[in-house]
Structure formats: structure tokens, C-alpha cells
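Each chain, written out:
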Amino acid sequence: MVNRITRASFLAGAKAAVPIWIAFIPTSFAMGIAAKVHGLALGEIVLMSMLVYAGPAQFAALEPLATGRPVLQILATTFLINLRFLIMSAAIAAYFRGAKRVRLLFGSQFISASSFIIPFTHFQKQAAGSAAADVAENSGEHNLRYFLGVGLTSFVVWVTGSAVGYWAALGVPAGFDEALKFILPGYFACMLAVEIRERTAQWISAASFFAALLGMMLNPNWGWLVTALVIATAGWMAEKWIRRES
Amino acid sequence: MDTTRVLTIVGMGLMTYLTRVVPQLYLAGRRFPAAFDRYLRYLAYTLMTSIIATSLFFVGAKFELAAAPSRGLALLAAVLAAYWSRSAPLGLALGLVLVVALPWLMR
């Protein structure tokens, strides 16, 4: 009976994940193409998609990996970009109480910005709709299964998509180098344009774009990373100050 | 596969896994201040835009001056199209067409 319920939870999660699969197909495909353009091996991009499983951090690492930039810079960038997972993971962990620790250790790998939103809103609705006394004894375990249904299936799509993208790039005829170079930065820029609707975030992002070019000219290894940190911090502090004033 | 690259990728995986697993084990249900959440969001945006700029206009430490105008124009058109249409694929499609066509037109 319990097994049937947990299987049903997993399948319900997988069904809810279909929009994530659709979103992951073009992004992971572009990731595979960009990896090929940067001279990575197929095994390297597949390994990266499996171990990192985070589009922005993978994108950030392609150029530094290809050009042999300092390992410390790549690791620092990865950590800073993925710091947002701390907040997501802490928020969703509250719904996994009572789940087996080994399953939590396994499931943690599948937390991403996309695979966080659907289960989190599902658990919130579920919690709001049931009184505390009605919550099943194994709800943490069921919730984790639901999350795995979303996260694990999306992970498979992501890894497969990056491998297929790499393979597809092998067949692109010469003369399309510019398109191949443009595809991943262009796609992420478009995704940010769709996502960022707040004026402050737009100004901060635009300033960071131009400052990075200057920073890169001053110091190719750390310049752009320093400008990104400085502008994010300055913009955030300025916004806090303006809010306090008004 | 290059050994240094593979080890770096493994390191990246460990870094990322830490940010995912530590809250599961020690911070379950912890709420962070909204300001901290906003700061991390801004940081992700500035890092992303910086990487977009550097990966599009540089190869290693070299600024690709000759290709910069066409790539810059294509990126601007793509971003504006995505913003107004609220569709990233549409913006990208326009950008791809322009980045291939502009160097040919500018000859």
C-alpha cells in the first residue's frame, strides 16, 4: 500500500515536470552545442551536466575551462552562482521531514531553480489544504518521492539534451561559427530579458554587462568576477538605502 | 578527456552539491531574510550578464573587435525581442539570423 502511494507520488511529480522538460530541451541542447564550440569532449559535458546540473554555472565554466583559466576562479564562480540553491534547498527541506537520510542525500542533487518551483508550490497548496492532524505520517517520504518525480526526470532530460546538442554540433557545416558562438550567451540573455522585469535588477544587470568588458580588459582572470560582485553589492546597498529614505 | 578539466568539473560538482545538501541536513525550514534572497538574485544576474558579455566578445583574453559590432547588434535585437514578446526562443531566433546575416551585410 505504502509502495503504491510512493510510486503514485513519483509519477505525479513526473507528470507535473513536463513543462520543465520542454524548457530544458532547448537550453540543454544549446549547452551541448556550446561545449563542442569551446572544444570540450562529449564525456566532459555529460559529466558536467550530471555533476553540476545547473545551466548558468555550466555556461559560466565553458570559456574558462576551454582557455585554461585558474581553477579557483571557476570554483568560486560556480559557488557564487549556485548560492541561491541554499535558500531553495532550505525552503523545500521543511517538507521532507521524516524522509530517510540516504534518500535526502540522493535527492539533493536534483534541486535546481526549475525543479524547485513546481514541488514547492505543490507542497504549500497541500499543506494549506489539510489540517495538521490530517497530514499523513509518511508525508515527508511521499513529498520526497514527488520531488524526485520532478527532479530526476528533468535531470535525465538535461543530461540527454546536452549530449544530443553536442552530437548535433558535429554536423553543423562550416560558415555557421558565429551562430554557434552566439547560441548559448544569446539564449541566456533572452531568458534574463524575459525573467527580469524589476527596474533595479535591469539597471544592475546592464551595468554589470558593460563593466565586465572593462574588467576583462584590466584583468582577464578575475576582472569580470570582481565587477560582478561589486555591482551586485553596490546595487543592492543603494536599493536598501533608497527604500529606507522613501 | 583532459584530466585537469575533469577534476575541475568534479570540484564544481562538489561545490554545487554542498549548496544543495547542507540545507537538507542542517537548515530545514530556515527562512532567510528577504534582503539576502534579493542580494543572491542580484548576484546571479550580474554574474550571468558578465559571463554573457565576456563569452560573446572575448576569446581568452583577446577582445574580438572585428566581430563585436555584429554580435552586439544581434544581442541587442534578441534581448529587446525577448523582452517585448516574453519569449526567449523568439529572441534567440532573431539574434541567430542577425548574427549570421550582419557580417555578410557589413562587408
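Conventions used here
Residues numbered from 1 in each chain as written. Chains lettered and ligands numbered in written order. Predicted model: local features only at pLDDT ≥ 70, side-chain atom pairs only at ≥ 80, totals over all residues. Helix = DSSP H or I, 4+ residues; strand = E, 2+ residues; numbered from the N terminus. Buried ≥ 20, exposed ≤ 12 C-beta atoms within 10 Å, placed from the backbone. Contact = placed C-beta atoms within 7 Å. Rg over C-alpha atoms; globule rule 2.2 N^0.38 Å. Core = buried A, V, L, I, M, F, W, Y, C linked by C-beta atoms within 7 Å. Nonpolar A, V, L, I, M, F, W, Y, C, P; charged D, E, K, R; others polar. Axes fitted to C-alpha atoms, helices over the stretch in contact; angles between N-to-C directions. Parallel < 35°, antiparallel > 145°, perpendicular 65-115°, else oblique. Left-handed = near helix turned anticlockwise from the far one by under 90°. Expected span 1.5 Å × (residues − 1). Arc of directions from axis to C-beta. Bend = angle between axes of the 7 residues up to and from the residue. pLDDT = per-residue confidence, 0-100.

A.B. asks: Got a minute to help me understand the overall build of chain A in this structure?
C.D. replies: Helix and strand counts for chain A stand at 12 helices and 0 strands. In terms of its C-alpha atoms, chain A occupies a principal-axis envelope of roughly 60 × 55 × 30 Å. For chain A, the residues scored as buried account for 49% of the 246 residues in total. Taking the contacts inside chain A whose residues are at least 6 apart along the sequence as the reference set, 81% of them involve residues at least 24 apart.

A.B. asks: Would you explain the overall build of chain B in this entry?
C.D. replies: From N to C terminus, chain B includes 4 helices and 2 strands. Each helix and strand of chain B, placed in order from N terminus to C terminus, yields the pattern α-α-β-β-α-α. Its C-alpha atoms give chain B a radius of gyration of 19 Å, clearly above 13 Å, the size a compact globule of 107 residues would have. By principal-axis analysis of the C-alpha atoms, chain B measures approximately 60 × 40 × 20 Å. Here the contacts in chain B between residues at least 6 apart in sequence split such that 29% fall between residues at least 24 apart.

A.B. asks: Quick question: what am I supposed to make of the nonpolar core here?
C.D. replies: General note: in soluble globular proteins, nonpolar side chains tend to be found buried as a group. Counting 103 residues, the largest nonpolar core has A:A34, A:Y187, A:F188, A:A189, A:C190, B:L47 and B:A78 as its most contacted members. Among the elements that take part in this core, helix 2 (residues 34-57) of chain B stands out by supplying 13 residues, more than any other. Not counting the four nearest positions on each side in its chain, A:C190 is found in contact with B:A78, B:V79, B:A82, B:A88, B:G91 and B:L92.

A.B. asks: What is the right way to look at unusual backbone geometry in this model?
C.D. replies: Apart from glycine, the bulk of residues carry a negative phi angle, and the bulk of peptide bonds sit in the trans form. Positive phi is not limited to glycine here, since A:Y53 has a value of about 45°. Mapped onto the fold, A:Y53 is located in the loop between helix 3 (42-51) and helix 4 (55-67). Of note, B:R86 is a non-glycine position whose phi angle comes to about 55°, a positive value. Summarising the element assignment, B:R86 is placed in the loop between helix 3 (68-85) and helix 4 (88-105).

A.B. asks: Explain the interface of chain B and chain A to me, please; I cannot follow it from the model alone.
C.D. replies: Accessible area lost on assembly of the parts is the figure often given for the size of an interface. Chain B puts 65 residues into the contact, and the matching count from chain A is 75 residues. When contributions to the side of chain B that touches chain A are tallied by element, the ones reaching two or more residues are helix 1 (3-26), helix 2, helix 3 and helix 4 of chain B. Residue contributions to the side of chain B that touches chain A peak at 22 residues, all from helix 2 of chain B. Taken together, the residues that form the side of chain B that touches chain A break down as 42 nonpolar, 15 polar and 8 charged.

A.B. asks: Is there a simple way to explain the packing of helix 2 (residues 18-37) of chain A against helix 4 of chain A in this structure?
C.D. replies: To describe two helices that pack against each other, one gives the angle between their axes and the distance between the axes. All names here are of chain A. The N-to-C vectors of helix 2 and helix 4 enclose an angle of 15°; their axes lie 10 Å apart at closest approach. With respect to helix 4, the element helix 2 is oriented roughly parallel. The two elements helix 2 and helix 4 cross, and the hand of that crossing is left-handed. Here T27, M31, A34 and A35 of helix 2 come into contact with helix 4, specifically with G55, Q58, F59 and L62. Class assignment for the residues of the contact of helix 2 with helix 4 results in 5 nonpolar, 3 polar and no charged.

A.B. asks: What am I meant to see in helix 3 of chain B here?
C.D. replies: Count 3.6 residues to each turn of an α-helix, and residues three or four apart come out pointing the same way. Spanning 18 residues, helix 3 of chain B covers 25 Å between terminal C-alpha atoms, matching the ideal 26 Å at 1.5 Å per step. Three or more residues of helix 3 of chain B are buried, namely B:S70, B:R71, B:A74, B:L75, B:A78, B:V79, B:A81 and B:A82. Buried residues along helix 3 of chain B cover an arc of 165° about the axis, so they all sit on one side. For helix 3 of chain B, the exposed residues lying more than 90 degrees away from the buried face are B:P69 and B:W84. Looking at the packing, one finds that the buried side of helix 3 of chain B touches helix 10 (177-195) of chain A together with helix 2 and helix 4 of chain B.

A.B. asks: Explain helix 1 of chain B here, please?
C.D. replies: Here helix 1 of chain B is 24 residues long and its end C-alpha atoms lie 34 Å apart, about the 34 Å a rise of 1.5 Å per residue gives. The sharpest bend along helix 1 of chain B reaches about 30° and sits at B:L18. Burial in helix 1 of chain B covers these residues: B:R5, B:T8, B:I9, B:M12, B:G13, B:M15, B:T16, B:T19, B:R20, B:V21, B:P23 and B:Q24. Where helix 1 of chain B is buried, its residues contact helix 3, helix 4, helix 5 (71-82), helix 6 (84-93) and helix 7 (101-107) of chain A.

A.B. asks: Honestly, the confidence of the model for chain B in this entry has me stumped. Any pointers?
C.D. replies: Detailed reading of the predicted coordinates is not advisable wherever pLDDT is low. All names here are of chain B. Confidence along chain B averages 90 in pLDDT terms, with 98% of residues attaining 70 or more. Here strand 1 (residues 58-59) stands out as the element of chain B with the lowest mean pLDDT, 86, in contrast to helix 3, whose mean of 96 is the highest. The ipTM value of the predicted complex is 0.88, and its pTM value is 0.80.

A.B. asks: Explanation requested: the packing of helix 2 of chain A against helix 9 (residues 139-170) of chain A in the structure shown.
C.D. replies: Residue and element names in this part refer to chain A. Close contact between helix 2 and helix 9 brings their axes to 6 Å; oriented N to C, the two are set at 40°. Put simply, helix 2 runs oblique to helix 9. By crossing handedness, the relation of helix 2 to helix 9 is classed as right-handed. Here the residues of the contact of helix 2 with helix 9 sort into 19 nonpolar, 7 polar and 1 charged.

A.B. asks: What am I meant to see in the environment of B:M1 here?
C.D. replies: With respect to the element layout, B:M1 can be found in the segment before helix 1. Overall, the presence of 12 C-beta atoms within 10 Å leaves B:M1 in the exposed class. Taking the C-alpha atoms as reference points, B:M1 and B:M15, separated by 14 residues in sequence, lie 21 Å from one another. Beyond its immediate chain neighbours, meaning those up to four positions away, B:M1 contacts A:A41, A:G43, A:E44 and B:V6.

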